[in-house]
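Per-entry structural report
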Amino acid sequence: ANPMSVALIARALAAAATPIAASSEAITSLRLAATVGFIQTSGYAIPGKGAGLYVSDTQATSGLAAAHPRFCKQSLDGRYWRLLPDAAGGIAVEQGGAAGDGVANDQPACQAAIAYANAAGIREVRLLAKTYALWAPVRANGLSGYDGAGNYLVTRENLMLRGMRGRTKVNLYNSVGGANTAVSQTVDGSPWRGAGFYAWPATTMDWVAMEDIEFDG
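Remember, it's a predicted structure, so these values are computed and weren't measured experimentally. (Residues numbered from 1 in each chain as written. Predicted model: local features only at pLDDT ≥ 70, side-chain atom pairs only at ≥ 80, totals over all residues. Heavy atoms only, no water.)

1. Quick notes on the sheet that holds strand β11 (residues 159-163)
One open sheet accounts for 4 strands, arranged β6-β8-β11-β16; its pairing is parallel. Sheet topology places β6 (90-92) and β16 (208-211) at the edges, where each strand pairs with a single neighbour. When strand polarity is set aside, the average angle formed by the axes of neighbouring strands in this sheet is 20°. Across 3 bridges, β6 lies against strand β8 (residues 124-127) in parallel orientation. Counterpart to A92 in the pairing with β8 is R126. Against the sheet, helix α3 (residues 107-120) engages β6, β8 and β11, with an angle of about 145° to β11. (Pairing = 2+ DSSP bridges. Helix = DSSP H or I, 4+ residues; strand = E, 2+ residues; numbered from the N terminus. Axes fitted to C-alpha atoms, helices over the stretch in contact; angles between N-to-C directions. Contact = heavy atoms within 4.5 Å.)

Shown next, in the form of structure tokens:
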């Protein structure tokens, strides 16, 4: 099904009685009646940042939770809940825990949001803040058998990466948080810095796009 259509239908069906969790992490402490199909959170780790609507459906499984723990949670009654895209069909990196303060390393949260979007058929990931800091992930493999590892952000499917603050700045740092010009990794004896946004098709990729984002580093 089209993720945007699913989101619109879900939001139409979500009743006023939908439980509200202070954070997505709090879902794990809820025990809910079988009649409850949606959970609205007021934030990711704390109220006010990364709120989202979660659904318990056939796509919300133990496998999804294992692969994407920031976006799929299990409640005490045994059911799994996954983040739905918003009515426009997108999710935000803040829903995966990105701080967006230009200081904290948001690479894990941003990459997790992209990976979840790829898995869930979501075609847009948004950066809501003005400035982000990304540290380069460590690349363990050599030049042979390259699998896209070691790049800051990697998409395996069609995706729009969109800045929402006019011109979002993404500052790129090396793997230990220093200037990207300072080499912190080598691959087969050569310096490795990684690409800011890398397309590594899982099967066939038709397009990748960015809007209102500046990578610096």
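2. Thoughts on the confidence of the model for the chain
Chain-level pLDDT for the chain is 88 on average; 90% of the residues reach the 70-or-more range. Confidence drops under pLDDT 50 across residues 1-13; counting only partners more than four residues distant or on other chains, this segment forms 21 contacts. (pLDDT = per-residue confidence, 0-100.)

3. Digging into the nonpolar core
One finds I91, V93, Y116, V125, L153 and L161 to be the most contacted residues of the largest nonpolar core, which totals 40 residues. Among the secondary structure elements, those contributing two or more residues to this core are α2 (62-67), β5 (80-83), α3, β8, β9 (131-135), β11 and β12 (168-173). Considering every element that reaches this core, the biggest residue donor is α3, with 8 residues. (Core = buried A, V, L, I, M, F, W, Y, C linked by side-chain atoms within 4.5 Å. Buried < 20%, exposed > 50% of the residue type's maximum accessible area, 1.4 Å probe, protein only.)

4. Quick look at the pairing of β12
For β9 and β12, the ladder comprises 5 bridges, and the chain directions are parallel. Across the sheet, residue W135 finds its bridge partner in β12, namely Y173. One ladder, built from 4 bridges, connects β12 with strand β17 (residues 213-216); its direction is parallel. From the neighbouring strand, T168 faces β17, where its bridge partner is I213.

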